[in-house]
Amino acid sequence: MLRKKRSKVLMIVFFSIVFILAVIVIFFNIPCSKTRSKFNQLQKQYASQITDKDEIITEESIKNLPAPVQKYFRYCGYLGTPMRSYMKAEFKDVKFRITTKGKPSEIRINYTQYNFSDIPQRFAYIDSRFHGIPFEGLDSYENGVGSMKGAIAKVIPLFDERGEAMDKACLVTFLADGILFPFTLLNDYISWESIDDTHAKAVISYYGISAGGIFTFDENGAILSFRTGDRASIDMDGTTRYSEWSALCSEYERTNGIFHPTVLKAVWHYPEGDFTYFDGNDVMIEYR
């Protein structure tokens, strides 16, 4: 009799554990989450405010830009195209390296971002798994406030970084995104300084903050990189330090008559050596 009761209890415990595990697996695999919902909300909110532009990019539009920047717009095929108000960029299976307590580790992520041109706004969603557990991130730059949030298992906050250093880092990242979304480079909130035939300095000023860096071009006019010292490195544990940072691009391909890079890397130039933490290929870009 006692054995039967024990067997019954063990059976109940076993099926309870199986049920709980099944619920967890289902929960981890359903697409909805607080982080994703917030990202979708921000994208829809600002996209709904966009109106189509009648302006066409012409020689007149670029005449006051440094020579290599003008050459870039001509070479990549932007002359004769309409101005665009926002961009969607999607990266799949990106090699992404993170540091915790000084130790780097690599995960694969899907990365989706929206940039809005009229007023600098930027939102990016990171979707990944860490040892089978969902990991999500939301980078946002809204009304001059930058933030970087992360959550594991969809509901457990992992980090939430904010502050003046983050605000400036997000602003200069928006400037660097001109590599993918060059329409922003024509806005009045960006000023230019000529350097030579393959380099030009850009400074973005908005919300009472300024940040800048140098764009490097090849002889044809394609952008090769953007480099700045105005971006703080903020690790997941909250550690902040300043080093030179670069966005590197390559593998230009023609889509709808426009040349754009399909490979993008983000690199910290630390004193102990370069650290490539974002290595994305086959980026898909949409403009509106």
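Read on for a plain summary of the structure. (Residues numbered from 1 in each chain as written. Predicted model: local features only at pLDDT ≥ 70, side-chain atom pairs only at ≥ 80, totals over all residues. Heavy atoms only, no water.)

Focus: unusual backbone geometry
This is how it is decided: Under the DSSP-based scheme used, a helix requires at least four consecutive residues in state H or I and a strand at least two consecutive residues in state E, with every element numbered from the N terminus.
With a phi angle near 55°, Asp-93 is a residue other than glycine that sits in the positive phi range. Considering the arrangement of structural elements, one finds Asp-93 in strand 1 (residues 86-100). One non-glycine residue with positive phi stands out, namely Asn-143, at about 55°. Here Asn-143 lies in the loop between strand 4 (133-142) and strand 5 (145-152).

A look at the pattern of salt bridges
Test applied: Salt bridge criterion: a side-chain nitrogen from Lys or Arg within 4 Å of a carboxyl oxygen from Asp or Glu. Burial here depends on accessible area, computed with a 1.4 Å probe over protein chains only, as a share of the maximum for the residue type. Under 20% is buried, over 50% is exposed, and the range in between is partly exposed.
Under the criterion given, the structure shown has 11 salt bridges. For Glu-106, the salt bridge goes to Arg-108, with nearest N and O atoms at 4.0 Å. Under the relative-accessibility criterion, Glu-106 is labelled partly exposed at 47%. Under the relative-accessibility criterion, Arg-108 is labelled partly exposed at 40%. Residues Arg-241 and Glu-272 are paired through a salt bridge, measuring 3.2 Å at the closest nitrogen-oxygen approach.

With respect to the pairing of strand 6 (residues 156-161)
Regular strands have side chains that alternate between both faces of the sheet. The line we're drawing: Between any two strands, at least two bridges found by DSSP are needed for them to pair.
Pairing geometry for strand 5 and strand 6, over 5 bridges, is antiparallel. Bridged to Met-148 within strand 6 is Glu-161. Remark: 3 residues form the turn of the hairpin made by strand 5 and strand 6, two consecutive strands paired antiparallel; Ala-153 in that turn has positive phi of roughly 60°.

Examining the side chain of Asp-177
Threshold: Pairs of N or O atoms are called polar contacts if they sit within 3.5 Å, as long as, within protein, a hydrogen donor faces a hydrogen acceptor (for residues adjacent in sequence, only side-chain-to-side-chain pairs).
Along the chain, the position of Asp-177 falls in the loop between helix 5 (164-176) and strand 7 (190-196). At 2.5 Å, the side chain of Asp-177 forms a polar contact with the side chain of Arg-122.

Considerations on the packing of aromatic side chains
Defined as follows: Centre distance within 6.5 Å is the pairing criterion for rings of Phe, Tyr and Trp, where only the six-membered ring of Trp is used; planes under 30 degrees apart are then read as stacked, over 60 as edge-to-face, and the remainder as tilted. The rule for a charge over a ring is simple: NZ of Lys or CZ of Arg within 6 Å of the ring centre, and within 35 degrees of the ring normal.
For the structure on display, the rule yields 28 aromatic pairs. On the basis of an interplanar angle of 55° and a centroid distance of 4.7 Å, the ring pair of Phe-215 and Phe-226 is categorised as tilted. One end of the pair, Phe-215, is in strand 9 (residues 209-217); the other, Phe-226, is in strand 10 (residues 223-228), and 11 residues separate them in sequence. Residue Phe-215 shares its accessibility class with Phe-226, and that shared class is buried. One aromatic cluster in this structure is built from Phe-39, Tyr-46, Tyr-86, Tyr-114, Phe-116, Phe-123 and Tyr-125. Arg-231 extends its terminal NZ or CZ atom over the ring of Trp-245, reaching a point 4.4 Å from the ring centre.

Describing helix 2 (residues 34-47)
Convention followed: By this rule, a helix spans an expected 1.5 Å times one less than how many residues it contains. The arc under discussion is defined with respect to the helix axis, by the directions toward the C-beta atoms.
Across its 14 residues, helix 2 extends 20 Å between first and last C-alpha, which sits within 8% of the 20 Å expected from 1.5 Å per residue. The set of residues buried in helix 2 consists of Thr-35, Phe-39, Leu-42, Gln-43, Tyr-46 and Ala-47. Buried residues of helix 2, viewed axially, fall in a sector of 120°; they line one side. Away from its buried face by more than 90 degrees, helix 2 exposes Lys-34 and Lys-44.

Let's talk about empty space enclosed by the protein
Formally: A cavity here means a set of 1 Å grid points, computed over protein atoms only, where a 1.4 Å probe fits but cannot escape. A pocket is an open set with protein on both sides within 12 Å along at least 5 of 7 lines, and lining residues have an atom within 4 Å of a point. Grid points are joined across faces, edges and corners, and a volume is the space filled by probe spheres set on the points. The residue classification treats Ala, Val, Leu, Ile, Met, Phe, Trp, Tyr, Cys and Pro as nonpolar and Asp, Glu, Lys and Arg as charged. All others, Gly included, are polar.
Taken as a whole and judged by the stated rule, the model has 1 cavity of 30 Å³ or more. Approximately 730 Å³ is the volume attributed to the largest cavity. Surrounding the largest cavity, 42 residues form its lining, Phe-96, Asp-139, Met-148, Arg-231 and Tyr-277 being those nearest its centre. It is strand 4 that provides the largest number of residues to the lining of the largest cavity, a total of 6 residues. Each residue belonging to the lining of the largest cavity can be placed in one class, and the counts come to 27 nonpolar, 7 polar and 8 charged.

Topic: the environment of Lys-154
Here Lys-154 is to be found in the loop between strand 5 and strand 6. Residues Lys-154 and Thr-35, 119 residues apart in the sequence, show an inter-C-alpha distance of 7.4 Å.

A closer look at the pairing of strand 5
Within strand 5, 6 of the 8 residues are buried, which leaves the element mostly enclosed by the surrounding structure. The pairing of strand 4 with strand 5 spans 8 bridges and is antiparallel. Looking across to strand 5, one finds that Leu-138 is bridged to Lys-149. Hairpin connection between strand 4 and strand 5: a loop of 2 residues separates the two successive antiparallel strands, and Asn-143 in this loop has a positive phi of roughly 55°.

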